[in-house]
Amino acid sequence: MTFAIQGLLVVIVLAVWLGCVGFMRLRSPLDRMHCVAFVNTTAGTALVLAAFLSDGISVRALKILLIIGISLLAGAAMSHAVGRALVLRGSAPEAAASGAEASIGKSP
(Lines give C-alpha, C1' and ligand atoms only; values in the text may rest on other atoms or scores of the structure.)
Protein backbone atom coordinates (compact mmCIF):
# COMPACT_ATOMS: atom_id res chain seq x y z
CA MET A 1 0.00 0.00 0.00
CA THR A 2 2.78 2.44 0.91
CA PHE A 3 4.58 1.71 -2.35
CA ALA A 4 1.45 2.63 -4.34
CA ILE A 5 1.03 5.89 -2.42
CA GLN A 6 4.68 6.79 -2.94
CA GLY A 7 4.32 5.99 -6.64
CA LEU A 8 1.32 8.31 -6.91
CA LEU A 9 3.22 11.08 -5.14
CA VAL A 10 6.08 10.62 -7.63
CA VAL A 11 3.54 10.89 -10.47
CA ILE A 12 2.30 14.17 -8.96
CA VAL A 13 5.82 15.63 -8.78
CA LEU A 14 6.66 14.49 -12.31
CA ALA A 15 3.41 15.93 -13.68
CA VAL A 16 4.11 19.30 -12.06
CA TRP A 17 7.69 19.35 -13.39
CA LEU A 18 6.57 18.35 -16.87
CA GLY A 19 3.87 21.02 -16.82
CA CYS A 20 6.38 23.68 -15.73
CA VAL A 21 8.85 22.72 -18.46
CA GLY A 22 6.07 22.74 -21.05
CA PHE A 23 4.84 26.10 -19.79
CA MET A 24 8.33 27.58 -20.21
CA ARG A 25 8.87 26.10 -23.68
CA LEU A 26 5.54 26.89 -25.30
CA ARG A 27 5.04 30.40 -26.62
CA SER A 28 1.32 30.75 -27.32
CA PRO A 29 -1.02 31.48 -24.41
CA LEU A 30 -3.44 28.87 -25.74
CA ASP A 31 -0.68 26.26 -25.76
CA ARG A 32 0.31 27.20 -22.22
CA MET A 33 -3.25 26.59 -21.06
CA HIS A 34 -2.79 22.93 -22.02
CA CYS A 35 0.10 22.65 -19.57
CA VAL A 36 -2.01 24.05 -16.77
CA ALA A 37 -4.86 21.66 -17.58
CA PHE A 38 -2.44 18.71 -17.72
CA VAL A 39 -1.07 19.46 -14.26
CA ASN A 40 -4.55 20.07 -12.88
CA THR A 41 -6.00 16.78 -14.10
CA THR A 42 -2.99 14.49 -13.69
CA ALA A 43 -1.80 15.70 -10.31
CA GLY A 44 -5.34 16.12 -9.02
CA THR A 45 -6.37 12.61 -9.96
CA ALA A 46 -3.21 11.10 -8.49
CA LEU A 47 -3.72 13.08 -5.27
CA VAL A 48 -7.30 11.83 -4.89
CA LEU A 49 -6.17 8.23 -5.50
CA ALA A 50 -3.36 8.60 -2.95
CA ALA A 51 -5.79 10.01 -0.37
CA PHE A 52 -8.23 7.14 -0.86
CA LEU A 53 -5.42 4.55 -0.69
CA SER A 54 -4.07 6.16 2.45
CA ASP A 55 -7.31 6.67 4.38
CA GLY A 56 -9.98 4.70 2.57
CA ILE A 57 -13.33 6.41 2.40
CA SER A 58 -12.84 9.06 5.06
CA VAL A 59 -13.82 12.66 5.62
CA ARG A 60 -10.36 13.86 4.57
CA ALA A 61 -10.39 11.85 1.32
CA LEU A 62 -13.87 13.08 0.46
CA LYS A 63 -12.82 16.69 1.11
CA ILE A 64 -9.84 16.24 -1.20
CA LEU A 65 -12.15 14.75 -3.84
CA LEU A 66 -14.49 17.73 -3.51
CA ILE A 67 -11.63 20.25 -3.76
CA ILE A 68 -10.15 18.56 -6.85
CA GLY A 69 -13.59 18.31 -8.46
CA ILE A 70 -14.23 22.02 -7.93
CA SER A 71 -10.72 22.78 -9.21
CA LEU A 72 -11.34 20.79 -12.39
CA LEU A 73 -14.66 22.53 -13.05
CA ALA A 74 -13.27 25.99 -12.29
CA GLY A 75 -10.18 25.30 -14.40
CA ALA A 76 -12.29 24.31 -17.39
CA ALA A 77 -14.46 27.41 -17.05
CA MET A 78 -11.45 29.71 -16.68
CA SER A 79 -9.67 28.11 -19.64
CA HIS A 80 -12.74 28.70 -21.78
CA ALA A 81 -13.00 32.33 -20.64
CA VAL A 82 -9.30 33.02 -21.22
CA GLY A 83 -9.32 31.32 -24.63
CA ARG A 84 -12.40 33.26 -25.70
CA ALA A 85 -10.87 36.54 -24.50
CA LEU A 86 -7.67 35.82 -26.44
CA VAL A 87 -9.60 35.10 -29.60
CA LEU A 88 -11.78 38.20 -29.22
CA ARG A 89 -8.72 40.33 -28.55
CA GLY A 90 -6.96 38.89 -31.58
CA SER A 91 -4.00 37.62 -29.56
CA ALA A 92 -4.53 33.99 -30.46
CA PRO A 93 -2.59 32.84 -33.54
CA GLU A 94 -5.58 30.82 -34.73
CA ALA A 95 -7.82 33.89 -34.58
CA ALA A 96 -5.61 35.93 -36.87
CA ALA A 97 -5.37 33.14 -39.44
CA SER A 98 -9.03 32.19 -39.60
CA GLY A 99 -10.87 35.37 -38.71
CA ALA A 100 -12.51 33.56 -35.80
CA GLU A 101 -13.15 36.75 -33.86
CA ALA A 102 -15.73 37.82 -36.43
CA SER A 103 -17.75 34.62 -36.03
CA ILE A 104 -17.91 34.53 -32.21
CA GLY A 105 -21.27 35.46 -30.82
CA LYS A 106 -23.13 35.14 -34.12
CA SER A 107 -25.52 32.26 -34.59
CA PRO A 108 -25.67 30.52 -37.99
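Residues numbered from 1 in each chain as written. Predicted model: local features only at pLDDT ≥ 70, side-chain atom pairs only at ≥ 80, totals over all residues. Heavy atoms only, no water.

1. Some remarks on the overall build of the protein chain
Here is step 1 of the chain: Across its full length, the protein chain holds five helices and zero strands.
Here is step 2 of the chain: Secondary structure of the protein chain in N-to-C order comes out as α-α-α-α-α.
Here is step 3 of the chain: Looking at the protein chain residue by residue over its 108 residues, the buried ones come to 25%.
Here is step 4 of the chain: Taken as a whole, the protein chain presents about 7,400 Å² of accessible surface, with 73% of it coming from carbon and sulfur. (Helix = DSSP H or I, 4+ residues; strand = E, 2+ residues; numbered from the N terminus. Buried < 20%, exposed > 50% of the residue type's maximum accessible area, 1.4 Å probe, protein only. Areas by Shrake-Rupley, 256 points an atom, 1.4 Å probe, with all protein chains shown as cover.)

2. A closer look at the packing of helix H2 (residues 29–55) against helix H3 (residues 59–89)
Here is step 1 of the chain: Packing of H2 against H3 brings their axes to within 9 Å, and their N-to-C directions diverge by 175°. Comparing the axis directions of H2 and H3 gives the class roughly antiparallel.
Here is step 2 of the chain: Classifying every residue of the contact of H2 with H3 gives 15 nonpolar, eight polar and two charged. (Axes fitted to C-alpha atoms, helices over the stretch in contact; angles between N-to-C directions. Parallel < 35°, antiparallel > 145°, perpendicular 65-115°, else oblique. Nonpolar A, V, L, I, M, F, W, Y, C, P; charged D, E, K, R; others polar.)

3. Observations regarding the pattern of salt bridges
Here is step 1 of the chain: One pass over the full model with this rule turns up one salt bridge.
Here is step 2 of the chain: Its salt-bridge partner being arginine 60, residue aspartate 55 comes within 2.6 Å of it at the nearest N-O pair.
Here is step 3 of the chain: The partly exposed category is assigned to arginine 60, whose relative accessible area is 48%. (Salt bridge = Lys/Arg side-chain N within 4 Å of Asp/Glu carboxyl O.)

4. Quick word on the environment of glycine 56
Here is step 1 of the chain: Tracing the sequence through the fold places glycine 56 in the loop between H2 and H3.
Here is step 2 of the chain: The class of glycine 56 is partly exposed, set by a relative accessible area of 24%.
Here is step 3 of the chain: For glycine 56, the contacting residues outside a window of four places in its chain are Ala51 and Ala61. (Contact = heavy atoms within 4.5 Å.)

5. Section: helix H1 (residues 2–25)
For the α-helix, the turn length of 3.6 residues means that residues three or four positions removed from each other point alike.
Here is step 1 of the chain: End to end, H1 covers 35 Å across 24 residues, agreeing with the expected 34 Å (1.5 Å per residue, within 8%).
Here is step 2 of the chain: All buried positions along H1 are accounted for by Ile5, Leu8, Ile12, Ala15, Gly19 and Gly22.
Here is step 3 of the chain: Contacts made by the buried residues of H1 are with H2. (Expected span 1.5 Å × (residues − 1).)

6. Details of the nonpolar core
Here is step 1 of the chain: Within the largest apolar cluster, six residues are counted, these being Ile5, Leu8, Ile12, Ala43, Ala46 and Ala50.
Here is step 2 of the chain: Put simply, the parts of the chain that give this core at least two residues each are H1 and H2.
Here is step 3 of the chain: Sequence-distant contacts of alanine 46, that is, excluding residues within four places in its chain, are made with Leu8, Val11 and Ile12. (Core = buried A, V, L, I, M, F, W, Y, C linked by side-chain atoms within 4.5 Å.)

7. Observations concerning the confidence of the model for the protein chain
Here is step 1 of the chain: Averaged over all residues, the pLDDT of the protein chain is 84; the fraction at 70 or higher stands at 84%.
Here is step 2 of the chain: Across the protein chain, the secondary-structure element scoring lowest on mean pLDDT is helix H5 (residues 100–103), at 49, and the one scoring highest is H1, at 94. (pLDDT = per-residue confidence, 0-100.)

8. Description of the environment of arginine 27
Here is step 1 of the chain: Within the secondary structure, arginine 27 is located in the loop between H1 and H2.
Here is step 2 of the chain: Within the structure, arginine 27 has its side chain in polar contact with the backbone oxygen of methionine 24 (distance 3.4 Å). (Polar contact = N/O pair within 3.5 Å; in protein donor to acceptor, adjacent residues only side chain to side chain.)

9. Quick look at the packing of aromatic side chains
Here is step 1 of the chain: Throughout the structure, instances matching the rule amount to zero aromatic pairs.
Here is step 2 of the chain: Its end group placed over the ring of phenylalanine 23, arginine 32 keeps NZ or CZ at 5.1 Å from the ring centre. (Phe/Tyr/Trp six-rings, centres within 6.5 Å; stacked < 30°, edge-to-face > 60°. Lys NZ or Arg CZ within 6 Å of the ring centre and 35° of its normal.)

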